[in-house]
Amino acid sequence: MIEAQVMIATTSPAGRIADGTHAGIEVYRVLTGSDPAEADISDDDDFDRHVLASVLAAAVMDGGPIAERVGLPERDLDALLAQCFPSVPARAFAWIGGGDASVDDETAMVRDLLRAQRSTEGDVGHWLAAMVARRAMEPKHLWEDLGLRERPELSRLLTRHFAPLAARNTRNMRWKRFFYRMLCEDDGFVMCTTPVCTQCNDFDLCFGEENGESRMAERRREYLRGGNDHADAGGRLA
């Protein structure tokens with residue numbers, strides 16, 4: 001039954017499964033057993049599972065082949081699910097798709113930058129480098145397109161798994177802009193012509209606030225505001 005729910009969610013570009021429950025929230029629940037708003041991330045392993053489930057949920061919300069949307073070959077996605085969510089029969093995630101999509105040069109550059117700066121051992125950091133790089137190609141703030149609840153979760157992710165790189169962001173630059181700045185500097189280029197950031201007309205593009213509502217929280221709020229019968233009296237999705 002759980003596997004069927006996941007399969008339906010991955011094939012729903014509109015972001016809802018058959019019973020009206022939002023697909024991203026439902027996939028997160030299937031993987032972790034909790035609502036994303038209530039996730040306990042005090043432990044590093046729980047935090048990693050939260051991040052991985054959030055990225056998968058965000059990719060489901062986008063629609064299309066999930067392996068491509070998260071930047072992993074299907075064999076790696078299957079391995080991730082088996083290792084990090086062993087109690088869930090969710091191999092159906094790697095399902096639709098018809099083969100692994102090629103990785104464009106821009107995504108590969110960001111992925112390789114992250115992998116070269118890894119600070120943890122094992123597969124999770126390796127997978128996250130590819131996932132963060134792929135989601136960085138999406139148009140919103142990076143923490144939003146990773147499905148995270150707020151920007152500090154992204155900073156924690158990068159500090160945990162890519163500490164040498166994260167430590168270089170001493171002025172709290174927006175992470176996407178920071179990645180490209182590092183790529184330029186590593187290649188001997190100067191990204192900006194203004195020597196002092198505060199004198200630059202593009203200051204807000206690099207250092208502006210990245211606040212807002214998470215993608216899943218926004219969809220949940222819209223869903224509840226619609227008065228759907230699947231919301232119980234306590235406001236939770238049934």
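Residues numbered from 1 in each chain as written. Predicted model: local features only at pLDDT ≥ 70, side-chain atom pairs only at ≥ 80, totals over all residues. Heavy atoms only, no water.

Colleague: Any chance you could explain the overall build of the chain here in plain terms?
Modeller: Within the chain, the secondary structure is distributed over 13 helices and 0 strands. Counting from the amino terminus, the chain carries its helices and strands in the arrangement α-α-α-α-α-α-α-α-α-α-α-α-α. Taking the intrachain contacts of the chain between residues at least 6 apart in sequence as the baseline, contacts between residues at least 24 apart amount to 66%. For the chain, the exposed area adds up to about 11,300 Å²; of that, 49% sits on carbon and sulfur atoms. (Helix = DSSP H or I, 4+ residues; strand = E, 2+ residues; numbered from the N terminus. Contact = heavy atoms within 4.5 Å. Areas by Shrake-Rupley, 256 points an atom, 1.4 Å probe, with all protein chains shown as cover.)

Colleague: Just to check I follow, could you spell out the nonpolar core for this structure?
Modeller: In a soluble, globular protein the nonpolar side chains are often hidden away together inside. Leu56, Val70, Phe85, Leu114, Met131, Leu154 and Phe179 are the most contacted members of the largest nonpolar core, which has 54 residues in total. With 9 residues, the single largest contributor to this core is helix 3 (residues 44-62). Here Val70 is in contact with Val55, Leu56, Ala59, Leu77, Ala130, Met131 and Arg134, once residues within four sequence places are set aside. (Core = buried A, V, L, I, M, F, W, Y, C linked by side-chain atoms within 4.5 Å. Buried < 20%, exposed > 50% of the residue type's maximum accessible area, 1.4 Å probe, protein only.)

Colleague: Help me understand helix 11 (residues 175-186), please; the structure alone is not making it clear to me.
Modeller: The terminal C-alpha atoms of helix 11 lie 16 Å apart, and with 12 residues this matches the ideal 16 Å at 1.5 Å per residue to within 8%. Burial in helix 11 covers these residues: Trp175, Lys176, Phe178, Phe179, Met182 and Leu183. Relative to the axis of helix 11, the buried residues are bounded by an arc of 165 degrees and lie together on one face. (Expected span 1.5 Å × (residues − 1). Arc of directions from axis to C-beta.)

Colleague: Sorry if this is basic, but what is going on with unusual backbone geometry here?
Modeller: The general pattern is negative phi for most residues beyond glycine and trans for most peptide bonds. Look at Asn172: it is not a glycine, yet its phi comes out positive at around 60 degrees. Inspection of the secondary structure assignment puts Asn172 in the loop between helix 10 (163-166) and helix 11.

Colleague: I keep staring at the packing of helix 5 (residues 74-84) against helix 7 (residues 123-135) and nothing clicks. Help me out?
Modeller: To describe two helices that pack against each other, one gives the angle between their axes and the distance between the axes. Two numbers describe how helix 5 lies on helix 7: the axes approach to 11 Å, and their chain directions differ by 135 degrees. Here helix 5 lies oblique to helix 7, going by the angle between them. The interaxial crossing formed by helix 5 with helix 7 has left-handed handedness. Of helix 7, the residues touching helix 5 (which contributes Asp76, Ala79, Leu80, Gln83 and Cys84) are Asp123, Val124, Trp127 and Met131. Class assignment of the residues belonging to the contact of helix 5 with helix 7 gives a composition of 6 nonpolar, 1 polar and 2 charged. (Axes fitted to C-alpha atoms, helices over the stretch in contact; angles between N-to-C directions. Parallel < 35°, antiparallel > 145°, perpendicular 65-115°, else oblique. Left-handed = near helix turned anticlockwise from the far one by under 90°. Nonpolar A, V, L, I, M, F, W, Y, C, P; charged D, E, K, R; others polar.)

Colleague: Which parts of the structure should I look at to understand the pattern of salt bridges?
Modeller: Applying the stated rule across the entire model yields 11 salt bridges. One salt bridge connects Arg111 with Asp112, and the closest N-O pair in it is separated by 3.1 Å. Judged by its relative accessible area of 41%, Asp112 is partly exposed. Within the structure, one salt-bridge network assembled from shared partners comprises Asp44, Asp48, Arg156 and Arg160. (Salt bridge = Lys/Arg side-chain N within 4 Å of Asp/Glu carboxyl O.)

Colleague: Would you take a moment to explain the packing of aromatic side chains for this structure?
Modeller: Two measures describe an aromatic ring pair: the distance that separates the ring centres and the angle between the ring planes. This structure, assessed with the given rule, holds 2 aromatic pairs. Pairing Trp175 with Phe178 gives two aromatic rings, centres 5.6 Å apart and planes at 90 degrees, and the pair type is edge-to-face. Remark: Phe178 and Trp175 occur in helix 11; sequence separation between them is 3 residues, near one turn of the helix. Overall, Phe178 belongs to the buried group, its relative accessible area being 3%. When the centroid spacing of 6.4 Å and the interplanar angle of 40 degrees are considered together, the rings of Trp175 and Phe179 count as tilted. Of the two residues, Trp175 and Phe179 both sit in helix 11, 4 residues apart, roughly one turn of that helix. A residue is classified by how much of its surface remains accessible, and Phe179, at 1% relative accessible area, is buried. Pairwise contacts between aromatic rings join Trp175, Phe178 and Phe179 into one cluster. Between the NZ or CZ atom of Arg156 and the centre of the ring of Phe47, over which it lies, the distance is 4.1 Å. (Phe/Tyr/Trp six-rings, centres within 6.5 Å; stacked < 30°, edge-to-face > 60°. Lys NZ or Arg CZ within 6 Å of the ring centre and 35° of its normal.)

Colleague: Hey, could you run me through the confidence of the model for the chain in this one?
Modeller: Regions with low pLDDT should not have their predicted coordinates read in detail. When pLDDT is averaged along the chain, the result is 77; 64% of the residues meet or exceed 70. When pLDDT is averaged over each helix and strand of the chain, the minimum, 39, is found for helix 1 (residues 2-10) and the maximum, 98, for helix 7. Counted against residues more than four places away or in other chains, residues 229-238, with its pLDDT under 50, gives 21 contacts. (pLDDT = per-residue confidence, 0-100.)

Colleague: Looking at this structure, how should I read a negative patch on the surface?
Modeller: Together, Asp40, Asp43, Asp45 and Asp46 make up a negatively charged patch on the protein surface. Following the sequence through the fold, Asp45 ends up in helix 3. (Patch = residues over 30% accessible without salt bridge, like charges linked within 9 Å, V, L, I, M, F, W, Y side chains within 5 Å. Lys, Arg positive; Asp, Glu negative; His and termini not counted. Charge placed at Lys NZ, Arg CZ, Asp CG, Glu CD.)

Colleague: Please clarify how the side chain of Ser54 should be interpreted in this entry.
Modeller: If you trace the backbone, Ser54 turns up in helix 3. By relative accessible area, which is 0% here, Ser54 ends up buried.

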